[in-house]
Amino acid sequence: MKFTLKDYQDEAVADVLERLKKARKRWHEDGDKHAFSLTATTGAGKTVMAAAVFEALFFGSDEFDYLADPGAVVIWFSDDPSLNEQSKWRLHQASDKLTVSDLVTVENTFSRETFEPGKIYFLNTQKLAKTSLLVRGHDPDDAPLEKDGSGGRLMPDLRSHTIWDTIQNTIEDPDLTLYLVLDEAHRGMRDGSASSTNGKPTIIKQLINGTGSVPGIPIVWGISATVQRFNDAIQGMKGHGTLPNVVVDSKKVQDSGLIKDTIKLDVPDEAGNFATVLLRRGTGKLRDISNAWADYAKQQGETEAVQPLLVLQVPNSPNHNDIGEWLDVVFDDWPELPEGSVANVFGEHKEEQFGSHRAPYVEPERVQERDDIRILVAKSAISTGWDCPRAEVMVSFRPASDKTHITQLLGRMVRSPLARRIPGNEQLNAVDCLLPHFDKDSVDAVVTALMSGGEIGEDLPLRRVLIHPVELLPNPAASEDVWEKLLSLPSQSLPKRQARPVKRLTALAHELASDDLLPDAGKKAHAAMHKVLGRARADLASEISAKRESVLTVEGLTYEADIASEERTFNEFVEEADYAVIEDAYKRAARIISPDLATTYSEHLAAQNEDDDDSDEALIDAHTDVAAMGLVEAVRERLEGAAEALANEWLSEHREAISALTDERQEAYRQISELSAEPFDVSLARPKTWLQPTTVKEANGTESPLPKYNDHLMCDGDGMFPDELNQWERKVHEIEMEREGRTAWYRNPARASQDSLGIVYHEAGEAKIMRPDFVFFNDNAGGEIVADIVDPHGHHLADSLPKLIGLANYAEKHGALYGRIEAVSEVDGRYRALNVQDPSVRAAIRKTSDAKSLYRSENSETYL
């Protein structure tokens with residue numbers, strides 16, 4: 001793969017491969033057919049995950065411990081040819097193994113007896129329509145009748161097979177396995193969609209259920225936005241069992257930084273026609289975000305900056321002169337914008353003239369790579385599956401009654417341009433939408449739709465949709481000592497569910513060497529692991545020797561049946577293993593200890609044992625030793641423990657040097673840090689810009705300004721921080737800011753940004769992240785800055801005790817960096833605090849089964 005998979009993508013790929021393996025086995029052994037779906041929110045990278053699956057399916061994967069299917073054939077099916085082309089392009093962009101020849105668009109000239117294994121064939125609904133040349137001759141109605149009543153198939157261009165013949169022959173070939181991938185699986189499956197006349201089934205249902213003599217495709221993998229949509233789509237599916245769907249947690253997608261954290265909405269605050277006013281405002285936002293990206297690129301030492309795009313969304317039957325006048329406003333407000341920077345994606349697929357402005361047609365999937373396009377004129381959602389990460393501003397002239405088209409398009413503008421969150425900069429992690437024909441009441445429906453995933457109804461709890469937010473900057477009154485204290489506080493990353501410590505170490509070594517932080521890091525990592533394996537080889541010699549014997553021998557049974565007596569016996573036999581058996585055992589071991597390390601350690605052993613004329617034999621002998629070591633669990637445990645420890649040691653040793661690198665390079669190390677099997681400490685990023693709401697909607701529908709607080713590390717132009725604190729939070733803030741020596745405070749962001757302090761806890765066996773509400777800072781008499789964590793949290797909540805345990809674990813490890821670490825709750829009408837810095841309190845937290853009893857016990861104290 002050309003991309004490193006995010007943790008949630010890695011997990012999803014493993015789950016998809018497990019289901020494909022199970023479905024293939026059941027098809028070839030029992031003739032059973034199966035279906036399942038991969039469901040993930042917009043922006044999760046479903047095509048990237050699919051590319052990783054296809055690489056493993058066609059070529060095998062040591063990482064996923066997956067053997068290639070030599071007879072694998074994939075049909076990628078959608079109801080839109082342009083969507084297919086976009087998916088084909090993305091698969092090729094993501095994979096370093098899938099070549100252009102492996103990705104085949106089925107054209108009308110296609111004619112094969114069977115599909116070729118190792119290839120992905122792109123088909124769409126139109127190619128299987130009755131009028132298509134690919135199917136001519138398949139339908140009995142197409143057969144011409146002779147005078148005597150006989151008939152034959154009418155085949156165009158003298159071809160011998162229809163596409164349905166090819167599908168049938170491939171399914172019936174025992175050496176092939178046909179997989180059907182349904183892109184946007186919910187589309188084209190309902191009655192009346194993609195359907196022929198006379199009530200015939202839809203084309204997709206014909207592929208799944210079969211048609212005439214053509215059997216249904218045995219393995220169906222749907223890629224859809226929600227589980228419910230796929231379940232609805234496969235209702236009535238014949239002859240297919242269902243496997244558990246693979247569902248990607250949308251919270252993990254949001255946490256990953258692949259999609260933006262915030263959507264900003266601007267609407268008129270009074271009645272009237274403010275179209276041109278908001279259009280000028282949108283142009284200003286485009287200019288400002290362009291400058292912000294240019295500044296960021298300069299700061300990071302990059303020669304090329306992101307070139308943001310403004311999407312101008314117009315009605316379905318637009319007046320070209322109106323659009324021309326709107327473009328005049330844009331160019332008047334930003335005269336430096338080149339005239340040739342306008343394009344359109346209308347369904348007419350032709351150049352348009354808007355007043356004095358020429359707007360060539362551009363294919364939607366090509367917009368992202370065309371940096372010269374800065375203004376894109378569009379109608380509705382442009383196209384299914386379209387996205388353009390650099391589309392950062394939208395001005396929609398759709399009426400308030402047309403909110404669906406607005407949310408559909410805006411929902412496809414949420415990808416982060418650099419596929420990562422920009423540390424501490426909420427301005428670059430946001431997208432702007434201006435709605436001239438809406439007001440504060442009608443915009444609520446748009447907010448609700450966007451918070452629940454737009455048109456697909458997902459739950460996106462960490463996405464913020466803000467109306468007229470204020471930009472906050474670092475408080476000039478805060479001392480640098482306070483900032484340094486904040487940045488010294490360790491945050492924690494989630495441990496990886498399927499950690500691979502050796503892979504993590506080798507990846508870290510590669511990055512350290514490429515940044516010249518540790519020359520020859522790869523060689524040093526392998527040398528260290530060779531020593532670990534050598535010690536294990538000596539300490540566990542007897543176990544390894546026994547396993548070596550099992551590698552070198554093949555045991556079997558001979559079955560004998562006496563015809564006369566009908567007696568049946570089994571006799572054991574033992575044969576010497578040949579080279580193929582040894583190599584198979586070695587490859588299995590290599591998947592356990594990592595292929596690269598297995599190679600270098602085998603060469604290390606061979607170099608120690610080989611004679612001048614016997615190098616091949618020495619290498620085979622070494623492969624046998626490695627194969628035997630792979631069968632001893634203690635070897636794997638020692639190796640992984642040592643690899644984890646060395647990687648952590650290097651990350652700690654080079655932390656300061658890593659923090660001086662560009663954000664992109666720091667992100668690479670952050671991802672490696674998060675491959676840890678245990679919670680790993682990561683550094684906080686310094687916040688540069690925050691976006692904060694300024695009003696709150698009351699129960700009666702009116703809006704009130706948010707309270708403002710002073711001395712926060714981030715503030716508006718008046719030095720104030722607007723925030724909606726609940727009753728407990730207000731109480732804590734009031735008490736804490738009255739303490740002697742208080743100099744500043746920090747409202748810890750609830751989202752998974754690099755400037756948010758996270759603490760790992762476990763609930764129901766799953767690792768999660770809590771984010772304490774407050775960090776307060778004291779300037780002691782000696783000039784030392786002291787940080788306190790104070791976290792008000794309801795004792796009645798299900799996660800209360802798990803979070804207390806997580807806080808206790810954090811305090812035990814990092815308590816020396818803080819003055820106080822306290823959890824606060826209201827019990828029996830009084831505020832009580834648990835001093836988690838106290839070892840006896842930590843012990844009580846770990847022993848109890850009820851958080852409320854802790855706050856009532858002598859382990860708590862009155863919170864004053």
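Trainee: So what about the packing of helix H13 (residues 501–514) against helix H21 (residues 663–673)? Which residues, and what values?
Mentor: Running from amino to carboxyl end, H13 crosses H21 at an angle of 160°, the nearest separation of the two axes being 10 Å. On the basis of their axis angle, the class for H13 and H21 is roughly antiparallel. At the point where H13 passes H21, the crossing takes the left-handed sense. Within the contact between the two elements, H13 uses Arg504, Ala507, Leu508, Glu511, Leu512 and Ser514 and H21 uses Arg665, Ala668, Tyr669, Ile672 and Ser673. Grouping the amino acids of the contact of H13 with H21 by side-chain chemistry returns 6 nonpolar, 2 polar and 3 charged.

Trainee: Tell me about the pairing of strand E33 (residues 766–770), residues and numbers included.
Mentor: Taken together, the 5 bridges between strand E32 (residues 759–763) and E33 define a ladder with antiparallel strand orientation. Among the inter-strand pairings, Glu763 is bridged to a residue of E33, identified as Glu766.

Trainee: Describe the sheet that holds strand E25 (residues 690–692), listing the residues and the values that go with them.
Mentor: As summarised here, the arrangement of the 3 strands in space is E25-E20-E29, forming an open sheet in which the pairing is antiparallel. Each having just a single partner strand, E25 and strand E29 (714–715) make up the two edges of the open sheet. Bridge count between strand E20 (residues 470–474) and E29: 2 bridges; the pairing is antiparallel. Paired with Leu473 across the bridge in E29 is Cys715.

Trainee: A description of the pattern of salt bridges should follow, citing residues and the corresponding values.
Mentor: Summed over the entire model, instances satisfying the criterion amount to 60 salt bridges. Among the salt bridges present, the one from Asp10 reaches Lys496, with a minimum N-O distance of 3.6 Å. Of the two residues, Asp10 is situated in helix H1 (residues 7–30) and Lys496 in the loop between strand E21 (491–493) and H13; the sequence distance between them amounts to 486 residues. An identical accessibility class is assigned to Asp10 and Lys496; each is buried. Put simply, Asp102 and Lys119 hold a salt bridge, and the shortest N to O gap is 3.9 Å. Here Asp102, found in the loop between helix H3 (81–94) and strand E3 (103–105), pairs with Lys119, found in the loop between E3 and strand E4 (120–124); they are 17 residues apart in sequence, far enough to count as distant. Taking the relative accessible area as the measure of exposure, Asp102 reaches 12% and is therefore buried.

Trainee: I'd like to hear about the sheet that holds strand E19 (residues 464–467), residue by residue, with values.
Mentor: Taken in spatial order, the 7 strands of this open sheet run E13-E16-E12-E17-E18-E11-E19, and their pairing is parallel. In this open sheet, the two edge strands, each paired with only one partner strand, are strand E13 (342–344) and E19. Here the strands of the sheet are splayed against their neighbours by 20° on average, with no regard to which way each runs. Strand direction decides the pairing type here: E13 and strand E16 (residues 375–378), joined by 3 bridges, are parallel. Along E16, the bridge assignment pairs Asn344 with Val377. Strand contacts of helix H8 (residues 275–299): strand E11 (262–266), strand E12 (309–313), E16, strand E17 (391–396) and strand E18 (430–434), with the helix running at about 175° to E17, the strand carrying the most contacts. Strand contacts of helix H9 (residues 320–333): E12, E13 and E16, with the helix running at about 160° to E16, the strand carrying the most contacts.

Trainee: Tell me what's going on with the packing of aromatic side chains, and back it up with residues and numbers.
Mentor: All told, the structure shown has 20 aromatic pairs when counted by the stated rule. Taking the centre distance of 6.0 Å and the plane angle of 65° together, the rings of Phe54 and Trp221 count as edge-to-face. Pair noted here: Phe54 is in helix H2 (residues 46–59) and Trp221 is in strand E8 (residues 219–224), with a separation of 167 residues, a long-range link. Considered together, Phe54 and Trp221 belong to a single accessibility category, that of buried residues. Taking 6.0 Å as the distance between ring centres and 85° as the angle between the ring planes, the aromatic pair formed by Trp293 and Tyr296 counts as edge-to-face. With a gap of 3 residues between them, Trp293 and Tyr296 both fall in helix H8, about one helical turn apart. By relative accessible area, Trp293 is classed as buried at 2%. Pairwise contacts between aromatic rings join Phe36, Phe54, Phe58, Phe59, Trp76, Phe122 and Trp221 into one cluster. Its end group placed over the ring of Phe680, Arg504 keeps NZ or CZ at 5.2 Å from the ring centre. Positioned above the aromatic ring of Trp690 is the side chain of Arg751, whose terminal nitrogen or guanidinium carbon lies 5.9 Å from the ring centre.

Each value, and the rule that gives it
- Counting of residues starts from 1 at the beginning of each chain's written sequence and follows it residue by residue.
- Confidence filtering applies because this is a predicted model: local features only for residues at pLDDT of at least 70, side-chain atom pairs given and counted only at 80 or more, and all residues used for totals across whole chains, interfaces and linings.
- Here the side-chain values reflect all heavy atoms present in the structure, with hydrogen atoms and water set aside.
- Fitted lines through C-alpha atoms serve as axes, helices being fitted only where they are in contact, and the angles separating the N-to-C directions of these axes extend from 0 to 180 degrees.
- Runs of E in the DSSP output that reach at least two residues are strands. Runs of H or I that reach at least four are helices, and both are numbered from the N terminus.
- Convention used here: angles under 35 degrees read as roughly parallel, angles over 145 as roughly antiparallel, angles from 65 to 115 as roughly perpendicular, and any remaining angle as oblique.
- The crossing is said to be left-handed when, going from far helix to near helix, the turn is anticlockwise and less than a right angle, and right-handed when the turn is clockwise.
- When checking whether two residues touch, look at their non-hydrogen atoms; a contact exists if any pair is within 4.5 Å.
- By the convention adopted, Pro, Cys, Tyr, Trp, Phe, Met, Ile, Leu, Val and Ala count as nonpolar, Lys, Arg, Asp and Glu as charged, and the other residues, Gly among them, as polar.
- Any two strands are treated as partners once DSSP identifies two or more bridges connecting them.
- Here, a salt bridge means any side-chain nitrogen of Lys or Arg that lies within 4 Å of a carboxyl oxygen of Asp or Glu.
- Here's how the labels work: a residue is buried when its accessible area is under 20% of the maximum for its type, exposed when over 50%, partly exposed in between, all with a 1.4 Å probe on protein chains only.
- Pairing of aromatic side chains here covers Phe, Tyr and the six-membered ring of Trp, requires ring centres within 6.5 Å, and sorts the geometry by plane angle: under 30 degrees stacked, over 60 edge-to-face, intermediate tilted.
- By definition, being over a ring means that NZ of Lys or CZ of Arg is both within 6 Å of the ring centre and within 35 degrees of the ring normal.

Coordinates in, geometry out; function isn't part of it.
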